[in-house]
Amino acid sequence: MTPPPIPRRDNGATFDRLFAEGAEAVLAGTHGIEVPPEDGGSRWGVSALLRPDAEAAVTLEAVARAAAAVAGDGHWLTGAVQSSHLTMRALEQPRVEPVPADDPGVARYAAALHQAMAGIGPLAFEVVGLTLTRLSVMACALPVDDAPDRLSAAFAEALGPDAWLEDGLGFQRSIWYLNLLHFAAPVRRPQTVVEWVAARRAFAPIPVRIAEVEVAAWRFTGSGMAPVRLAAVPLPLPTPTPTPLPTPTPLPLPTPTPLPTPTPLPTPLPTPTPLPTPTPLPTPTTRH
């Protein structure tokens, strides 16, 4: 029997739809406003998260801070290094009490994660632009291969009955993303925010390598939500493809200048001129 196809989470049309809905809501002032779970919020329960490598997290935080500067005060900087993440799957609704370290549900989630990650290998994405939602400024991530989608499908299968939350909602994830800024107050300059995001719907890709997969709860810090690690599985980071060194151009060797041909001596050598015969001295006269 042919296995069913793996659900892909690379639907660019979803990002377009979110932008259209988000821009309309921000301009009308009807966008959502985040509320922490202890104040009645229904989000931010235990989840399975993909955590980006340090370099990518720093780069994305800079984008998040730029978005916050445009949106105004009072919003949650979810794209900060300490909270940057891609959600693989929500597992629970928020609990009233903190999740204990020996929680049996967390143990099952971690076991399912270990099972799902067998043979998956490195996970990598490219953040290719931004979009706007009714609740956030979002970074659009595309997987560089099918490994993230295979992990997502394998994890859902390994969870079995523990996949109840998203299955019960009929929620089918079609994209990978990182929320950079969650709206937690009225947007100060709605037109500027929409134009700012629109100008960044596409930009030079930001490479994101996944350092580990976490099962995490969330806690409110007073200015946003921070993950509380309950279990984690490290991942091998993709080996970057080395850039080949250019072939060196051989230097041309100079053509040697021939030495001048020496002038030959005359042949034969000239006969030397004989010295003249000396004149004999006169015989002396004897004196008596």
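Here is what the cut-offs are and how they apply
Residues numbered from 1 in each chain as written. Predicted model: local features only at pLDDT ≥ 70, side-chain atom pairs only at ≥ 80, totals over all residues. Heavy atoms only, no water. Buried < 20%, exposed > 50% of the residue type's maximum accessible area, 1.4 Å probe, protein only. Helix = DSSP H or I, 4+ residues; strand = E, 2+ residues; numbered from the N terminus. Pairing = 2+ DSSP bridges. Contact = heavy atoms within 4.5 Å. Core = buried A, V, L, I, M, F, W, Y, C linked by side-chain atoms within 4.5 Å. Axes fitted to C-alpha atoms, helices over the stretch in contact; angles between N-to-C directions. Parallel < 35°, antiparallel > 145°, perpendicular 65-115°, else oblique. Left-handed = near helix turned anticlockwise from the far one by under 90°. Nonpolar A, V, L, I, M, F, W, Y, C, P; charged D, E, K, R; others polar. 1 Å grid on protein atoms, 1.4 Å probe; cavity = no way out; pocket = protein on both sides within 12 Å on 5 of 7 lines; lining within 4 Å. Points joined across faces, edges and corners; volume = space filled by probe spheres on them. Salt bridge = Lys/Arg side-chain N within 4 Å of Asp/Glu carboxyl O. Expected span 1.5 Å × (residues − 1). Polar contact = N/O pair within 3.5 Å; in protein donor to acceptor, adjacent residues only side chain to side chain.

**Some details on the pairing of strand 1 (residues 47–52)**
Among the 6 residues of strand 1, 6 are classified as buried, and the element is accordingly described as predominantly covered. In this sheet, strand 2 (residues 86–90) lies alongside strand 1 in antiparallel orientation, the contact comprising 4 bridges. Along strand 2, the bridge assignment pairs Ala48 with Arg89. Of the pairings in the sheet, the one linking strand 1 to strand 6 (residues 206–220) comprises 6 bridges and is antiparallel in character. Each bridged residue has a counterpart across the sheet, and for Pro52 the counterpart in strand 6 is Ile210.

**Re the environment of Ala25**
Position of Ala25 relative to the elements: it lies in helix 1 (residues 12–28). On the accessibility criterion, Ala25 (1% relative accessible area) is buried. With residues near it in sequence (within four places) discarded, Ala25 still touches Thr30, His31 and Arg134.

**A look at the nonpolar core**
Residues Leu50 and Leu132 are the most contacted members of the largest nonpolar core, which totals 58 residues. Excluding anything up to four places from it in sequence, Leu132 contacts Leu18, Phe19, Gly22, Ala23, Val26, Val137, Phe183, Val193, Val194 and Val197.

**Details of the side chain of Thr78**
Here Thr78 shows up in the loop between helix 2 (54–71) and strand 2. Judged by its relative accessible area of 2%, Thr78 is buried. The contacts of Thr78, once residues within four sequence positions are left out, are Trp44, Ser83, Ser84, His85, Asn179, Leu180 and His182.

**Quick word on the packing of helix 3 (residues 104–116) against helix 4 (residues 147–159)**
When two helices pack together, their arrangement is given by the angle between the helix axes and by the axis-to-axis distance. The contact between helix 3 and helix 4 brings their axes to 8 Å, and the two run at 135°. Taken as axis vectors, helix 3 and helix 4 run oblique relative to one another. Viewed along their axes, helix 3 and helix 4 form a crossing whose handedness is right-handed. In contact with Tyr109, Ala112, Leu113, Gln115 and Ala116 of helix 3, helix 4 contributes Leu151, Ala154, Phe155, Ala158 and Leu159. Here the contact of helix 3 with helix 4 is composed, by residue class, of 9 nonpolar, 1 polar and no charged.

**A word on the packing of helix 2 against helix 6 (residues 190–198)**
Here helix 2 crosses helix 6 at 155°, and the two axes come no closer than 9 Å. Classified by the interaxial angle, the pair formed by helix 2 and helix 6 is roughly antiparallel. Counting all contacts with helix 2, which are made through Val63, Ala66, Ala67, Val70 and Ala71, the residues of helix 6 involved are Thr192, Val193 and Trp196. Here the residues of the contact of helix 2 with helix 6 are counted per class, giving 7 nonpolar, 1 polar and no charged.

**Focus: the layout of surface pockets**
Of the voids in this model, the largest pocket is the one considered here, and its volume is about 930 Å³. In terms of lining residues, the largest pocket is bounded by 34 residues, among which Arg43, Ala90, Phe171, Arg173 and Tyr177 are the most central. Where the lining of the largest pocket is concerned, the elements lending two or more residues are helix 1, strand 1, strand 2, strand 4 (136–143), helix 5 (164–169) and strand 5 (176–182). By residue class, the composition of the lining of the largest pocket is 13 nonpolar, 14 polar and 7 charged.

**Some points on the pattern of salt bridges**
Across all of its chains, the model carries 16 salt bridges by this definition. In this structure, Arg201 engages Asp16 in a salt bridge whose closest nitrogen and oxygen atoms are separated by 3.0 Å. With Arg201 in the loop between helix 6 and strand 6 and Asp16 in helix 1, this pair connects stretches of sequence that are 185 residues apart. Looking at Arg201, the relative accessible area reads 24%, which means it is partly exposed. For Asp16, a relative accessible area of 45% puts it in the partly exposed group. For the salt bridge of Asp146 with Arg150, the shortest nitrogen-to-oxygen distance reads 3.2 Å.

**Here's the deal with helix 3**
For an α-helix, the turn length of 3.6 residues means that residues three or four places apart are oriented alike. For helix 3, built from 13 residues, the straight-helix expectation of 18 Å at 1.5 Å per residue is met to within 8% by its first-to-last C-alpha distance of 18 Å. The elements touched by buried residues of helix 3 are strand 2, helix 4, strand 6 and strand 7 (225–234). The N-cap residue of helix 3 is Asp103: its side-chain oxygen and the backbone nitrogen of Gly105 are 3.0 Å apart.

**So, the environment of Leu113**
Tracing the sequence through the fold places Leu113 in helix 3. A residue is classified by how much of its surface remains accessible, and Leu113, at 1% relative accessible area, is buried. As for Leu113 and Phe155, which are separated by 42 residues in sequence, their C-alpha atoms are 5.9 Å apart.

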